[in-house]
Amino acid sequence: MQAAMAALDDAGMTMEDIEAVVYSMAPSEFLGVNEPDRWCVDAVGGRGRPFMRIHTGGATGISAAHAGFYHVASGLFDSVLVVGADKVRECRDSQQVLNTIWDPLFERQFGLTTITMAAFQAVRHMQIYGTREERMALVAVRSRGNALNNPVAHLKGRITVDDVMASPYLCWPIKKYDTCPSSAGGAAVVIVSEEKARKRCTRPAWIKACSEVANTVFLGDQMGGMAQMDFADSDILAMAAEEAYRQAGIRNPRREIQTAELYAPFTICELSMVEALGFCRKGESGRLNEEGFFSMDGGIAVNPSGGTLCANAIAITALARVCDGALQVMGKAPSGMQVRNVRHAVCTGEGGSFQFHAVMILGDDD
Amino acid sequence: MKEMMTLKGGWNVKYNYAVGPTGTRFFKALKGEAKIIAPKCPKCGLVMLPPRSFCERCFVPIDEWVEVGMEGTIQAFTVVPVKFESLPDPPYAIAYVLLDGAGTAMVNFVKNVDLSDLRKAAKKLAIGKRVRVVFEKKRKGTIHDFHYELLKP
Amino acid sequence: MSDKVAILGVGMTKIDSAKKDQKLDDMVFEAASKALAQASLDREEIDSVVIAACDELDGRCISSMLLAMPAGAYLKDEIKVTDDGSYGVILAAMRLMTGLFDLSLVVSWCKTSEAPLSDVMSMRWDPFYHRGIGMNHITAAALMAGAYAERHGISSDIPAKVVVKNRRNGSRNLNAHLRTPVTMGEVRLSPRVSWPLRALDCAPESDGACALILASPRRAKKLKRDAVRLAGFGWAADSYYLGERMLWDSPSLRIAAGKAYGMAKIKEPVAEIDAAEISDFTSYHELLAYEGLGFCGSGQAQDLIREGITAREGGLPVNPSGGLLCSNPFTAAGLFRICEAFLQVAGKAGDHQIRGATKALAQGSAGFCAQGNAVFVLTQ
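Residues numbered from 1 in each chain as written. Chains lettered and ligands numbered in written order. Predicted model: local features only at pLDDT ≥ 70, side-chain atom pairs only at ≥ 80, totals over all residues.

**Some points on the overall build of chain C**
- Along its length, chain C carries 15 helices and 11 strands.
- Taken against the 2.2 N^0.38 rule, which gives 21 Å for 380 residues, the C-alpha radius of gyration of chain C at 19 Å falls within 12% of a compact globule.
- Its C-alpha atoms give chain C principal-axis dimensions of about 55 × 45 × 40 Å.
- The burial tally for chain C puts 66% of its 380 residues in the buried class.
- In chain C, the share of contacts with a sequence separation of at least 24, taken over all contacts with a separation of at least 6, comes to 78%. (Helix = DSSP H or I, 4+ residues; strand = E, 2+ residues; numbered from the N terminus. Rg over C-alpha atoms; globule rule 2.2 N^0.38 Å. Buried ≥ 20, exposed ≤ 12 C-beta atoms within 10 Å, placed from the backbone. Contact = placed C-beta atoms within 7 Å.)

In structure tokens:
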């Protein structure tokens with residue numbers, strides 16, 4: 001409710017102006033309530049309004065924002081509230097819950113979690129591109145540093161590559177500081193029609209593209225043999241991005257995008273994702289990151305907010321990416337976090353076995 | 001208020017997962033014949049493990065089965081040195097292995113690796129290393145009826 | 001009609017008590033394949049997929065991970081809603097109306113035999129004020145049924161007649177889970193499960209999957225005139241807190257129906273609609289729905305039953321398929337309603353076809369006491 005009110009307030013609107021509500025809620029087992037969206041109907045103004053819940057795993061927040069966009073772009077609504085909240089820490093061990101995302105017959109028994117999944121991606125990226133653990137660590141260093149400028153980040157601070165390397169291994173080669181925290185938080189965005197936006201806002205963030213692509217759950221289909229893609233690469237994100245760039249009329253992402261808010265819950269994910277987004281060639285991300293290309297004053301500022309590595313309230317993490325991307329385009333990000341002259345911000349979400357990738361591109365007035 | 005309250009709770013929901021004809025056939029071959037069999041797509045020829053009753057890519061049902069080899073190649077691996085609630089006791093090594101003749105890799109434990117030193121263990125488990133399938137003596141018709149072992153530990 | 005989304009085909013598995021012969025993904029693949037076959041389409045031609053399912057009932061904490069593929073989503077734009085199968089059609093229709101997509105699969109499923117429905121439903125209550133006092137979906141429905149009966153002085157014969165009607169209808173539907181008719185006496189003698197509900201007043205727990213293929217307005221323009229169109233749809237939610245609701249009424253259903261009728265330009269539903277498939281989770285739900293859908297005034301649902309208006313032979317047959325009282329694949333139930341409505345309008349309902357049906361209504365609902373409601377109008 002706090003998030004909904006803040007978003008409405010920022011838009012200069014009240015609940016009376018809202019015609020429909022989309023609820024962003026990923027797995028409910030962390031909260032320990034089946035379909036908690038039903039419980040929250042009243043808190044987010046869903047009563048008496050069209051209300052639906054979107055759930056695509058980690059990508060949920062972006063998918064929910066997409067759904068909000070579809071509400072408006074279909075011509076059925078002029079203003080939609082997309083909102084959600086999560087408290088991952090209300091369960092004792094989130095990885096126990098995340099083990100149950102795997103198939104109970106063939107995979108769940110081996111202690112698979114989201115961290116093992118990141119480990120599998122990392123070992124393949126290391127094998128194919130020679131990516132070193134220190135280069136992954138540097139992603140955490142930059143993210144936590146960026147988060148210092150973000151008042152709502154969960155983890156922040158000046159850490160070094162040595163700190164990351166010294167943090168304990170959770171699943172080789174993934175260390176504690178390579179991973180995101182379990183967080184609690186809420187987020188909301190208000191999506192309105194073009195006509196309404198022009199009336200209400202001097203510098204809105206326009207939704208230029210919405211795209212998502214699904215892949216098989218089975219990681220083993222994406223390595224060797226008859227694989228159509230490699231699990232080291234976020235090829236599904238590349239497909240979603242290609243479609244999003246087409247919708248947004250972006251030909252050269254590296255030149256035309258100034259900032260990216262990526263759903264990268266592990267350091268390796270970010271390295272793989274910036275490659276898939278066409279910010280650099282495959283295998284190049286570690287070096288470019290070291291050279292500062294993805295820093296605040298680099299070519300493309302990646303995760304100025306600190307991103308998912310610094311706060312992961314799963315149900316709304318990808319929605320927070322949209323919020324942060326929108327703030328960048330609107331020029332409303334907190335000082336220090338604001339990237340200069342943002343014309344296009346790309347926001348992503350990733351869900352399931354790194355199998356659902358969703359992209360939203362926000363831009364300024366044409 | 002300084003002291004806020006919390007309420008204890010938990011999920012207590014038990015499931016009965018239907019294994020279906022494809023899984024049943026796979027597990028029966030594991031248990032009864034100590035064989036790993038895999039469905040093969042009639043269209044693209046993909047031999048898939050874990051087994052599925054249809055090809056996700058071609059969207060056609062499958063009724064052809066092939067037997068895959070008892071050795072294969074590591075495609076990805078990890079070693080878990082810490083305890084997670086309700087998950088196996090650490091340390092353990094798991095790997096996706098492309099068995100000879102299969103088109104996709106399947107995960108299982110790798111059991112004959114010394115895991116006392118993580119870095120050393122990781123080197124031994126490298127991608128491309130050969131492993132073999134080892135069946136348990138008493139098989140129950142579950143995925144735990146076999147595990148992998150490095151050919152050259 | 002050319003600005004409307006069209007429905008090209010549906011696919012349904014047989015609905016049963018426990019489909020032990022199929023793994024969850026086998027069942028979903030069957031439904032999606034059948035829908036593609038009925039629409040004479042190849043999966044490659046589909047550009048988007050919408051899934052509607054419930055993790056907790058699927059026993060997988062992100063169940064679309066396994067089930068997106070049998071739903072046909074490999075390398076496709078896929079998104080998932082949870083409320084009820086019918087909400088998948090809402091989202092898919094809006095996606096198609098944006099012009100970004102042309103052909104969408106909508107897939108929903110539920111295997112109640114694999115999950116203890118009552119346990120999951122009790123987890124739906126908030127842990128602080130409701131859970132732990134023995135509330136589940138049945139007791140919640142009983143509170144609503146009792147409130148409705150009390151408010152309008154409904155004798156127990158009226159809901160019993162709903163049961164007899166729907167069970168008789170279901171006996172004609174080869175796909176239904178319960179296919180034996182019941183008598184008034186059997187309903188009256190069936191055990192109480194939660195006052196005033198008797199066992200036969202309540203829907204069974206079933207397994208089933210269904211799928212439907214939607215075409216964008218752009219694509220639908222090229223279709224024949226008698227293609228089935230989604231002429232209108234609407235949805236809305238009520239409060240979670242039963243104490244804040246007047247349980248004898250369903251404001252969200254009134255809002256949803258109002259929107260759907262407005263879009264479909266329906267002024268007098270009873271006169272204009274040829275068949276309705278609604279979510280009769282209990283016999284009382286059906287009575288309440290008549291009022292929420294504007295088939296009659298408040299408290300008058302009993303007259304429609306007494307006069308046989310909603311019987312198979314009546315002016316507005318309701319649940320010619322037998323409805324949820326014969327087949328209740330919980331989360332998927334709403335999408336099954338739309339599939340059945342499609343069959344009626346397409347003239348493909350077989351033994352339970354309502355002759356000459358050209359306009360059908362479907363209703364899906366989600367949450368305790370139909371907290372959320374969605375209404376769809378299908379026309380030729």
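Further notes follow.
**Considerations on the overall build of chain B**
- In terms of regular secondary structure, chain B is built from 2 helices and 7 strands.
- Projected onto the principal axes, the alpha-carbon positions of chain B cover approximately 65 × 40 × 35 Å.
- Counting every position in chain B, which comprises 153 residues, the buried fraction comes to 41%.

**A word on the interface of chain C and chain A**
- With 47 residues of chain C at the interface, the matching set in chain A holds 49 residues.
- If you list the elements that add at least two residues to the side of chain C that touches chain A, you get α2 (55–58), α3 (64–67), β3 (77–81), α4 (85–97), α5 (117–124), β8 (228–237) and α10 (251–264) of chain C.
- With 6 residues, the single largest contributor to the side of chain C that touches chain A is α4(C).
- Looking at the side of chain C that touches chain A residue by residue, the class counts come to 26 nonpolar, 9 polar and 12 charged. (Nonpolar A, V, L, I, M, F, W, Y, C, P; charged D, E, K, R; others polar.)

**Comments concerning the interface of chain B and chain C**
- Counting from both sides, the interface comprises 20 residues of chain B and, opposite them, 22 residues of chain C.
- Class assignment of the residues belonging to the side of chain B that touches chain C gives a composition of 10 nonpolar, 7 polar and 3 charged.

**A word on the environment of B:T142**
- Considering the arrangement of structural elements, one finds B:T142 in the loop between β6 (130–135) and β7 (146–150).
- Given 15 C-beta atoms within 10 Å, B:T142 falls into the partly exposed group.

**Regarding helix α9 (residues 235–248) of chain A**
Residue and element names in this part refer to chain A.
- With 14 residues, α9 should reach 20 Å at 1.5 Å per residue; the first-to-last C-alpha distance of 20 Å fits that figure.
- Residues D235, I236, L237, M239, A240, A241, A244, Y245 and A248 constitute the buried set of α9.
- Taken from the residues just after α9, G249 is the one with a positive phi, measuring 70°. (Expected span 1.5 Å × (residues − 1).)

**Some points on unusual backbone geometry**
- Omega for the bond connecting A:W172 with A:P173 falls within 30 degrees of zero, at 5°, which places this linkage in the cis form.
- Tracing the backbone shows A:P173 in the loop between β4 (169–171) and β5 (174–175).
- Residue B:P50 is bonded to the preceding B:L49 through a cis peptide linkage, with omega at -10°.
- Residues other than glycine seldom take positive phi values, yet C:L75 does so here, at roughly 60°.
- Counting through the fold element by element, C:L75 comes out in the loop between α3 and β3.

**Focus on the sheet that holds strand β10 (residues 344–351) of chain A**
Residues and elements named next belong to chain A.
- Here 5 strands make up an open sheet; going across it, the order is β7-β11-β10-β8-β9 and the pairing mixed. Two strands in the sheet have a free side with no partner beyond their single neighbour: β7 (206–214) and β9 (301–302).
- Bridging between β10 and strand β11 (residues 356–363) involves 8 bridges; their strand directions are antiparallel. Considered in β11, the bridge of H344 is made with G363. (Pairing = 2+ DSSP bridges.)

**Observations concerning the environment of C:Q38**
- Summarising the element assignment, C:Q38 is placed in helix α1 (residues 24–38).
- Separated by 28 residues in sequence, C:Q38 and C:V10 have C-alpha atoms that sit 6.5 Å apart.

**What to know about the packing of helix α6 (residues 133–147) of chain A against helix α11 (residues 267–276) of chain A**
Residue and element names in this part refer to chain A.
- Contact geometry for α6 and α11: axes closest at 8 Å, N-to-C directions at 95°. In this view, α6 runs roughly perpendicular relative to α11, as classed from their interaxial angle. Within the contact between the two elements, α6 uses M136, A137, V139 and A140 and α11 uses T267, I268, E270 and L271.
- When grouped by side-chain class, the residues that make up the contact of α6 with α11 number 6 nonpolar, 1 polar and 1 charged. (Axes fitted to C-alpha atoms, helices over the stretch in contact; angles between N-to-C directions. Parallel < 35°, antiparallel > 145°, perpendicular 65-115°, else oblique.)

**So, the nonpolar core**
- Counting 334 residues, the largest nonpolar core has B:A95, C:L212, C:F342, C:F376 and C:L378 as its most contacted members.
- The leading source of residues in this core is helix α13 (residues 314–330) of chain A, at 11 residues.
- When residues no more than four places from it in sequence are discounted, the contact partners of B:A95 are B:I74, B:A76, B:F77, B:V107, B:V110, B:L125 and B:Y148. (Core = buried A, V, L, I, M, F, W, Y, C linked by C-beta atoms within 7 Å.)

**Re the packing of helix α3 (residues 60–73) of chain A against α13(A)**
All names here are of chain A.
- With their axes 5 Å apart at the nearest point, α3 and α13 run at an angle of 60° to one another. As summarised for this structure, α3 and α13 are arranged oblique, according to the angle between their axes. Facing T60, G61, I62, A64 and A65 of α3, the residues of α13 in contact are A315, I316, T317, A318, L319, A320, R321 and V322.
- Broken down by class, the residue content of the contact of α3 with α13 amounts to 9 nonpolar, 3 polar and 1 charged.

**Quick notes on the pairing of strand β1 (residues 5–12) of chain C**
Residue and element names in this part refer to chain C.
- With 8 of 8 residues buried, β1 is to be regarded as a mostly interior element.
- By the bridge criterion, 3 bridges tie β1 to β8 in an arrangement that is antiparallel. Following the sheet pairing, V5 is matched in β8 by L230.
- In the sheet, β1 pairs with strand β7 (residues 207–215) via 6 bridges, with the strands oriented antiparallel. The residue of β7 that forms the bridge with G11 is A211.

**Topic: helix α12 (residues 283–292) of chain C**
Residues and elements named next belong to chain C.
- α12 sits mainly inside the fold: 10 of its 10 residues count as buried.
- Taken as a whole, α12 has its buried residues at S283, Y284, H285, E286, L287, L288, A289, Y290, E291 and G292.
- Directly after α12, the chain includes G294, whose backbone phi takes a positive value near 75°.

**Some words on the pairing of β11(A)**
Residue and element names in this part refer to chain A.
- Of all 8 residues in β11, 8 are buried; the element is thus mostly enclosed.
- Of the two faces of β11, the one carrying F356, A358, M360 and L362 and the one carrying H357, V359, I361 and G363 are both buried.
- Of the pairings in the sheet, the one linking β7 to β11 comprises 8 bridges and is antiparallel in character. Within β11, the position partnered with A209 by the bridge is I361.
- Between the antiparallel neighbours β10 and β11 lie 4 residues, among them G352 with a positive phi of about 65°.

**Here's the deal with the environment of A:G225**
- Position of A:G225 relative to the elements: it lies in the loop between β7 and α9.
- A:G225 gets classed as buried once you count the C-beta atoms within 10 Å, which come to 21.
- If we ignore the near neighbours within four places in the chain, the residues touching A:G225 are B:L98, B:A102, B:G103, B:T104 and B:A105.

**Details of the sheet that holds strand β3 (residues 71–80) of chain B**
- Pairing is antiparallel across the open sheet formed by 5 strands, whose spatial order is β5-β4-β3-β6-β7 (chain B). Each edge of the sheet is formed by a strand with only one pairing partner; in this case those strands are β5 (106–109) and β7 of chain B. Between one strand and the next, the sheet's axes are offset by a mean angle of 45°, whatever the strand orientation.
- Sheet topology places strand β4 (residues 92–99) of chain B next to β5(B); 4 bridges connect them, and they run antiparallel. Across the sheet, B:A95 pairs through a bridge with B:N108, a residue of β5(B).
- The strands touched by helix α5 (residues 114–129) of chain A are β3 and β4 of chain B; relative to β3(B), the strand with the most contacts, the crossing angle is about 120°.

**Let's talk about the confidence of the model for chain C**
- In the predicted model, chain C carries a mean pLDDT of 95, and 99% of its residues have values of at least 70.
- Scoring of the predicted complex yields 0.95 for pTM and 0.94 for ipTM. (pLDDT = per-residue confidence, 0-100.)

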